[in-house]
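# A closer look at the structure
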Amino acid sequence: MEVNSIEFNLFGVNTYIVWNKDTLETAIIDPGMSNPEECLAFKQFIDLKKLQIVKLINTHLHIDHTLGNEYVEDTFGVGLIANYADAPLGAMRAQQAAMFHLRGVATTPVKVDIEIKSGDKIYLGKEYLEVLEVPGHSPGSIALYSPTDKFVITGDALFRGSVGRTDLPGGNHPTLINSIITNLMSLPSDTIVYPGHGPATTIGQEAHSNPFLR
Ligand SMILES: [Zn+2]
């Protein structure tokens, strides 16, 4: 599988575009586009690569990760895949927008169409992303792991040199650290980590130097 990311919106969310090189079947993870210019930049990339979007996935249902959900759903005709433990956050979307003083965007609740849980595989042709539950930043946070291509998309659970904040509704710091140690640090050390914000890293680098995991 091929992975590309584009940074969107004022929160600097990494929207991941993952595709099967043979079939061009594509998953969009955490679409953050928040205005027509960002939608256009995204569409141009998809068209340039001739990608066929067949899956839409949210690592969790915080507002910055869901701002482009409607655009992707409506433009490409896909339903949303997410962990149902975050459904209450999706239902609170307008309150989340108000909390961050966003006006006129994300006014409708997030509706999860396809529920996923730990161990589920999301296929792009014969290749897949495996779902790892990593609660703590939010109750329904997931990571998406490719054992064959040795990468993991971690949402806001694990960043380079940091971990997700846990002061938002449903957050729990000890739960987050336990999730990371149990379900992420157990992956091979050369696994590339693609976080929801900021630059990529590896499991090995975080095991060695992340101050929150000591
Ligand atoms: Zn978040």
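To be clear, the structure that these remarks concern was listed above.
What you see is a predicted model, and the numbers here were worked out from it, not measured in a lab.

Attention now moves to the overall build of the chain. Helices and strands together make up the secondary structure of the chain, namely seven helices and 14 strands. A compact globule built from 214 residues should have a C-alpha radius of gyration of about 17 Å, and the chain, at 16 Å, falls within 12% of that. Seen through its C-alpha atoms, the chain measures out along the principal axes to roughly 45 × 40 × 25 Å. By the burial criterion, 45% of the 214 residues in the chain qualify as buried. Considering only contacts within the chain whose residues lie at least 6 apart along the sequence, 61% involve residues at least 24 apart.

This part takes up the sheet that holds strand 5 (residues 80-82). A sheet is described by the order of its strands in space; here six strands give the open sequence 1-2-3-4-5-6, paired in mixed fashion. Each edge of the open sheet carries a strand with a single partner, namely strand 1 (2-8) and strand 6 (114-115). The pairing of strand 2 (residues 13-19) with strand 3 (residues 25-29) spans four bridges and is antiparallel. Bridged to Ile 17 within strand 3 is Ile 28. On the sheet, helix 1 (residues 36-48) packs against strand 1, strand 2 and strand 4 (52-57) and is oriented at approximately 165° with respect to strand 1. Where helix 3 (residues 69-76) meets the sheet, it contacts strand 3, strand 4 and strand 5, and its direction lies at approximately 145° from that of strand 4.

The phi dihedral of Lys 50 falls on the positive side, at around 55°, and the residue is not glycine. Its location among the elements puts Lys 50 in the loop between helix 1 and strand 4. What makes Lys 50 exposed here is the crowd of 9 C-beta atoms within 10 Å. Positive phi is not limited to glycine here, since His 101 has a value of about 60°.

The rules behind these values
- Residues numbered from 1 in each chain as written.
- Predicted model: local features only at pLDDT ≥ 70, side-chain atom pairs only at ≥ 80, totals over all residues.
- Helix = DSSP H or I, 4+ residues; strand = E, 2+ residues; numbered from the N terminus.
- Rg over C-alpha atoms; globule rule 2.2 N^0.38 Å.
- Buried ≥ 20, exposed ≤ 12 C-beta atoms within 10 Å, placed from the backbone.
- Contact = placed C-beta atoms within 7 Å.
- Pairing = 2+ DSSP bridges.
- Axes fitted to C-alpha atoms, helices over the stretch in contact; angles between N-to-C directions.

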